[in-house]
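Working through the structure, step by step
In case you want the letters, here they are:
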Amino acid sequence: MAPEPVPPRILTQAERDVLALLLSADFEGAQELRSQLDHTQVVAVWAAGSPSVDLAVPGGIGKAQVADGEIPVGAEVHDPQGNYLGEITVWVTNGLLSAIEYSWVTDEPPTRLPDTAALRLVQ
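An account of the accompanying structure is given in this report. (Residues numbered from 1 in each chain as written. Predicted model: local features only at pLDDT ≥ 70, side-chain atom pairs only at ≥ 80, totals over all residues. Heavy atoms only, no water.)

1. Focus: the overall build of the protein
A tally of regular secondary structure across the protein gives 2 helices and 8 strands. For 123 residues, the compact-globule estimate of 2.2 N^0.38 gives 14 Å, and the protein sits close to it at 14 Å. Expressed as lengths along the three principal axes of its C-alpha atoms, the size of the protein is roughly 45 × 30 × 25 Å. Of all 123 residues assigned to the protein, the portion counted as buried reaches 41%. Sequence-distant contacts, at least 24 apart, represent 62% of the contacts inside the protein between residues at least 6 apart. Carbon and sulfur atoms make up 52% of the accessible area of the protein, which totals about 6800 Å². Charged side chains of the protein number 6 positive and 17 negative; the gap between the two group centres comes to 7 Å. (Helix = DSSP H or I, 4+ residues; strand = E, 2+ residues; numbered from the N terminus. Rg over C-alpha atoms; globule rule 2.2 N^0.38 Å. Buried < 20%, exposed > 50% of the residue type's maximum accessible area, 1.4 Å probe, protein only. Contact = heavy atoms within 4.5 Å. Areas by Shrake-Rupley, 256 points an atom, 1.4 Å probe, with all protein chains shown as cover. Lys, Arg positive; Asp, Glu negative; His and termini not counted. Charge placed at Lys NZ, Arg CZ, Asp CG, Glu CD.)

Put into C-alpha cells, the structure is as follows:
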C-alpha cells in the first residue's frame, strides 16, 4: 500500500517530540538532522489513521552525511507495565529526514505516536 499524500503540514508536537528524542542520540549526522526539525513537514500518511508518516525538508537546509535508510538509533515502545508494544524508526533519504515509522506487535494498530516516556532508545 502506497502512502497517501496530504497537504504539507508542520509536525505535531508528538511527531516533533519523538524525532527530537531519537535525534538526541550521538551518531554521525545527528546534529545536521536535528537542525532540520524546524523545517520538516509531513507530506503523506502511510494509511488512514496511521501515525507513520512521510516527511519532507525543503531545499537549502543542510544535509546530514548519513546513508539512506534507518538512522542508527531506534526506540522500543513499552506500556507502563514494561510490555513491548513495538518500535519507532526514523528514515533518511539524501541526507534529509524522510519518514517516521511506528511498527507494532499488538492486535490493534496504533492510531497515534506514543509519549516519549514510553520509549527506550536502542542503538
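Past the structure itself, the notes keep going.
2. Here we look at the layout of surface pockets
A volume near 190 Å³ is recorded for the largest pocket. Along its surface, the largest pocket is lined by 13 residues, and Val77, Leu85, Tyr102, Arg112 and Pro114 are the ones closest to its centre. When its residues are assigned to classes, the lining of the largest pocket shows 8 nonpolar, 2 polar and 3 charged. (1 Å grid on protein atoms, 1.4 Å probe; cavity = no way out; pocket = protein on both sides within 12 Å on 5 of 7 lines; lining within 4 Å. Points joined across faces, edges and corners; volume = space filled by probe spheres on them. Nonpolar A, V, L, I, M, F, W, Y, C, P; charged D, E, K, R; others polar.)

3. Some points on unusual backbone geometry
Most peptide bonds take the trans form, and the phi angle of most residues other than glycine is negative. At Asn94, a residue that is not glycine, the phi angle is positive and equals roughly 55°. Looking at where Asn94 falls in the secondary structure, it is placed in the loop between β6 (84–93) and β7 (96–104).

4. Things to note about the pairing of β7
β7 sits mainly inside the fold: 7 of its 9 residues count as buried. Inspection of the sheet shows strand β3 (residues 53–56) paired to β7 by 2 bridges, in the antiparallel sense. By the bridge assignment, Asp54 is partnered in β7 with Ala99. Sheet analysis places β6 next to β7, joined by 8 bridges and oriented antiparallel. When the sheet's bridge partners are listed, Val92 is paired in β7 with Leu97. The hairpin turn running from β6 into β7, its antiparallel successor, is 2 residues long, and Asn94 in that turn takes a positive phi close to 55°. (Pairing = 2+ DSSP bridges.)

5. Remarks on helix α1 (residues 13–23)
Looking only at α1, the buried set comprises Glu15, Val18, Leu19, Leu22 and Leu23. For α1, the angular spread of buried residues about the axis comes to 125°, placing them on one side. (Arc of directions from axis to C-beta.)

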